[in-house]
Amino acid sequence: MKLQVRLRQLIVLFLFLTVLEHASSSRILKIAKPDRHDIAASARWLVSQNIWGVLSTLSIEHKGAPFGNVVSYSDGLPGEGKGIPYFYLTMLDPTTRNALKDSRASFAVSESPIGTCKRDPMDPTCSKLTLTGKLLQLEVGSEEEKVAKKALFTKHPEMMDWPRGHEFSVFKLEIVNIFLINWYGGAKSITVDEYLRYKE
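Rules used in this analysis
All chains use their own residue numbering, which begins from 1 and follows the written sequence. In view of the model being predicted, local features appear only for residues whose pLDDT reaches at least 70, and side-chain atom pairs are presented and counted only at 80 or more, with totals across whole chains, interfaces and linings using the full set of residues. Processing note: side-chain calculations cover all non-hydrogen atoms of the structure and skip hydrogens and water entirely. Strands here are runs of E lasting at least two residues and helices are runs of H or I lasting at least four, both read from the DSSP assignment and numbered beginning at the N terminus. Relative accessibility decides the category of a residue: with a 1.4 Å probe and only protein chains considered, values under 20% of the type maximum give buried, values over 50% give exposed, and everything between is partly exposed. In this analysis, strands are considered paired if DSSP registers two or more bridges between them. Each axis is a line fitted through C-alpha atoms, taken for helices only over the stretch in contact, and angles between the N-to-C directions span 0 to 180 degrees. By definition, residues are in contact when any of their heavy atoms lie within 4.5 Å.

### A few points about unusual backbone geometry
(1) Moving on: Its identity as a non-glycine residue notwithstanding, Lys63 has a phi of 55 degrees, on the positive side.
(2) Moving on: Position of Lys63 relative to the elements: it lies in the loop between β1 (52-58) and β2 (66-72).
(3) Moving on: Judged by relative accessible area, Lys63 falls into the exposed class, the value being 87%.
(4) Moving on: The phi angle at Glu167 is positive, at roughly 55 degrees, despite the residue not being glycine.
(5) Moving on: Mapped onto the fold, Glu167 is located in the loop between α4 (143-155) and β6 (168-181).
(6) Moving on: The exposure class assigned to Glu167 is exposed, which follows from its relative accessible area of 52%.

### Observations concerning the sheet that holds β6
(1) Moving on: If you walk across this open sheet you meet the 6 strands as β2-β1-β4-β5-β6-β3, and the pairing is antiparallel. Two strands lie at the open edges of the sheet, namely β2 and β3 (86-90), each paired on one side alone. Each strand of the sheet is rotated relative to its neighbour by a mean of 35 degrees, with strand direction disregarded.
(2) Moving on: In the sheet, β3 pairs with β6 via 5 bridges, with the strands oriented antiparallel. Bridging from a neighbouring strand, Tyr86 pairs with Lys172 of β6.
(3) Moving on: Sheet strands in contact with helix α2 (residues 39-49) are β4 (104-110), β5 (128-137) and β6, and its direction is about 65 degrees off that of β5.
(4) Moving on: Running at roughly 90 degrees to β3, α4 makes contact with β3 and β6 of the sheet.

Structure, rendered in structure tokens:
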């Protein structure tokens, strides 16, 4: 009887530690949701607090049709994000091949995965952001690539163990347009400069 109780305790402890490990690796930093009137802060918060989004490119296999792909990303080290999404993409992925042919892309994130919005993701009070621009491959060995890799590997440690033979490279989204909805009344007006100049 004592052995069964002890076994149950060990199983519960194992499950708890597994959940804890997953939570700590997937959510490094948690900053309170900004006031909705602070548009730049709202946009940057969405990018800094999320760990994945939908990256869309123009498909070379489907005659330029939009191709959306769920990808992990990082915009910098915890508390040091710059708002520019960096991605670790394999040459085996259509997204990468599309971007190398035509760099036009968009990247969408939602408040829903962060856990601060309990409504339907399409509800206007559940913030969502689409960044449009160019998906560019970083020069191997450049200072920016080193910084981006550190940011990506900090937020997504398992990336370090991804197969070398799959030819992973670091890409960034060079932002040219920002579409943000964080309340009723349609998209909010924010320039790329306002977005990038915001300090956490």
